[in-house]
Structures are given as structure tokens and as C-alpha cells.
Amino acid sequence: SYNYLRVLNPSIQQLSTLKEESIIEVVIKNIPRVLGISLSDILPFDGGERPITGSFAEEQIKIILSSSRWEQHVAKRRETPLLVYPFDYVSQRDITPRWIVPLWVDTELVGIWFLGARKNDDLLSPVDERLIEVIASTTALVLRAQYLLRENTEYQETLSKAFQQLTQTRDDERLHLS
């Protein structure tokens, strides 16, 4: 675990920038490289309908997310990675998620982290699982913060437009009265 932290610490600190690029760099590139995982992607629940990079086959993701195993995992509010392979109907292992990690902020599911198979096809060790849980909780907070920042920006823009309209209306009335 020391090696993981030594290699990943600069990347993890990058998540604090709250930018999508930092999520791509850390969660989609660095974590898989360090853990020897083939693919990684995130599906944020912020109005987007697709994973960030589209690494996995969308139809496979839809099948998995509609499964009772996934629903039970979420219902129990588990933060641990859910091993989803093998499923009977999964045929293309290279584009199929092997693990699904829910991204929680308190009781709100803000996204899902999909991880592919490990290059040596091993299961995750307890240290690997704990690392993924820590990164998942951090990523969930970043996704939530990004959503709130976008929402705040949209609110500020709406408020600014309303203020400009109000100011214009007031100026028009003053001009009309004079």
C-alpha cells in the first residue's frame, strides 16, 4: 500500500482542483495503471447519460445496472466494489466492467465507477479494495462539488440576467416618464 500512496499521492491531490480533467487523470488513467486494471470509466449522475470516456459498451452497462445484484448492492448502500463478472450474457470481457463501484455522498448516489479486468485476471486484494473505496469517496465528493459549482454558476447567470432586465425596465420607465 505504501507504493500505491507514493505513486498516487500527487494524482490524488490533483482531485482537489475539482476539474473533470483531474478525474480523468486520476481515476481513469492512474488508478488503473497502478492496479493493473484494463479500463476505467465513470458515469456521473448529474444529468449526463453517458460515461465520461465511453470505454465500456453502453449496452453491457445498462444490462448490469438493471440487474438485481446491482440493485441489492445499492439498496444496502455498500461502498465496496461489486464484482460483476462473470455474467451469463457478457461475452466481450475487454469492454465489460469487471467491478462496479458506487460513488456516494452521504445517502446520495452521485455516480458509478466502472473498472475492467485486471491484466493478470486476479481479484482485488483487501488493500486494493480499500484504495478503491478511498478514491471512490474522494471522486464522489469531487463530482458533487462539480455539480454544485455548475448549478451555482447557472443560478448566478440567471440572477444576473434578471437584474439586467430589471435595470433596463427601470431605465426605460425613467426615460418614458421624463
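Reading the values: the criteria
- Once a new chain begins, its residue numbering starts again from 1 and follows that chain's sequence as written.
- Only residues with pLDDT of 70 or above have their local features reported here, since the model is predicted, and side-chain atom pairs are shown and tallied only from 80 upward, although totals for entire chains, interfaces and linings are computed over all residues.
- Heavy atoms throughout the structure, all of them, feed into the side-chain values; hydrogens and water do not.
- Numbering of helices and strands starts at the N terminus; helices are DSSP runs of H or I of at least 4 residues and strands are runs of E of at least 2.
- Three labels apply to residues, based on accessible area from a 1.4 Å probe with only protein chains included: buried if under 20% of the type maximum, exposed if over 50%, partly exposed otherwise in between.
- Contacts: residue pairs with any heavy atoms within 4.5 Å of one another.
- Note that accessible areas follow from Shrake-Rupley with a 1.4 Å probe, and for residues the cover is restricted to the protein chains shown.
- Strands are labelled as partners when DSSP assigns at least two bridges between them.
- Axis lines are fitted through C-alpha atoms, for helices just across the contact stretch, and the angle between N-to-C directions can take any value from 0 to 180 degrees.
- In this description, one arc is meant: the one made by directions from the helix axis to the C-beta atoms.
- Throughout this description, the term nonpolar core refers to a set of buried Ala, Val, Leu, Ile, Met, Phe, Trp, Tyr and Cys residues connected via side-chain atoms within 4.5 Å.
- One less than the residue count of a helix, multiplied by 1.5 Å, gives the span that helix is expected to have.
- What the bend at a residue measures is the angle between two axes, fitted to the seven residues ending there and to the seven starting there.
- A carboxyl oxygen of Asp or Glu within 4 Å of a side-chain nitrogen of Lys or Arg is what we treat as a salt bridge.
- pLDDT expresses how confident the predictor is about each individual residue, on a scale running from 0 to 100.

1. Details of the overall build of the chain
When helices and strands are counted, the chain shows five helices and four strands. Listed N to C, the secondary structure of the chain is α-α-β-α-α-β-β-β-α in terms of helices and strands. In the chain, which comprises 178 residues, the proportion classed as buried is 38%. Summarising the internal contacts of the chain: among those between residues at least 6 apart in sequence, 56% fall at separations of at least 24. Accessible area of the chain: about 10700 Å², with a carbon and sulfur share of 52%.

2. Overview of the sheet that holds strand β2 (residues 82-83)
The strand order β1-β4-β3-β2 describes an open sheet built from four strands, whose pairing is antiparallel. The open sheet has two edge strands, β1 (40-44) and β2, and neither has a second partner. As defined by bridge partners, β1 adjoins strand β4 (residues 108-115) across five bridges and the pair is classed as antiparallel. Each residue of the ladder has a partner; that of Ile 42, found in β4, is Trp 113. Contacting β1 and β4, helix α2 (residues 20-35) crosses the sheet at an angle of about 145° to β1.

3. Notes on helix α4 (residues 68-75)
For α4, the complete set of buried residues consists of Trp 70, His 73 and Val 74. Down the axis of α4, the buried set is contained in an arc of 95°. They therefore lie on one face. Arg 77 sits one or two positions beyond α4 and adopts a positive phi of about 55°.

4. Let's talk about the nonpolar core
Counting residues in each nonpolar core, the largest one holds 22 residues, and the members touching the most others are Val 27, Ile 42, Leu 103, Trp 113, Leu 115 and Ile 132. Elements with a contribution of two residues or more to this core: α2, β3 (99-105), β4 and α5 (126-177). No other element matches α5, which puts seven residues into this core. Ranked by size, the runner-up nonpolar core spans eleven residues in total, among them Ile 61, Val 74, Leu 82 and Ile 100.

5. Considering α2
Between the first and last C-alpha of α2 there are 21 Å, a value that for 16 residues agrees with the 22 Å anticipated at 1.5 Å per step. Of all the bends in α2, the greatest reaches close to 25° and is centred on Lys 29; the proline Pro 32 follows between one and four positions later. Looking only at α2, the buried set comprises Ser 22, Ile 23, Val 26, Val 27, Ile 28, Asn 30, Ile 31, Pro 32 and Leu 35. In the stretch just after α2, Gly 36 is the one whose phi turns positive, near 70°.

6. Comments concerning the pattern of salt bridges
Tallied over the entire structure, the rule returns four salt bridges. Its salt-bridge partner being Arg 118, residue Asp 128 comes within 2.8 Å of it at the nearest N-O pair. Separated by ten residues along the polypeptide, Asp 128 in helix α5 and Arg 118 in the loop between β4 and α5 bring together distant segments of the chain. Relative accessible area serves as the criterion here: at 3%, Asp 128 is assigned to the buried category.

7. Observations concerning the confidence of the model for the chain
It should be kept in mind that the predicted coordinates are not to be read in detail where pLDDT is low. Here the chain shows a mean pLDDT of 76. Residues at 70 or above account for 74%. Taken together, the stretch residues 87-93 has pLDDT below 50 and engages in twelve contacts with residues farther than four places along the chain or on a different chain.

8. Describing the pairing of β3
Of all seven residues that make up β3, seven are buried, and the element is covered over most of its length. The pairing of β2 with β3 spans two bridges and is antiparallel. Of the residues in β3, the one forming a bridge with Leu 82 is Ile 100. Pairing geometry for β3 and β4, over seven bridges, is antiparallel. Residue pairing for β4: Ile 100 is matched across the bridge by Phe 114. The hairpin formed by β3 and β4 contains two residues between the paired strands, and Asp 106 there has a positive phi angle of roughly 55°.

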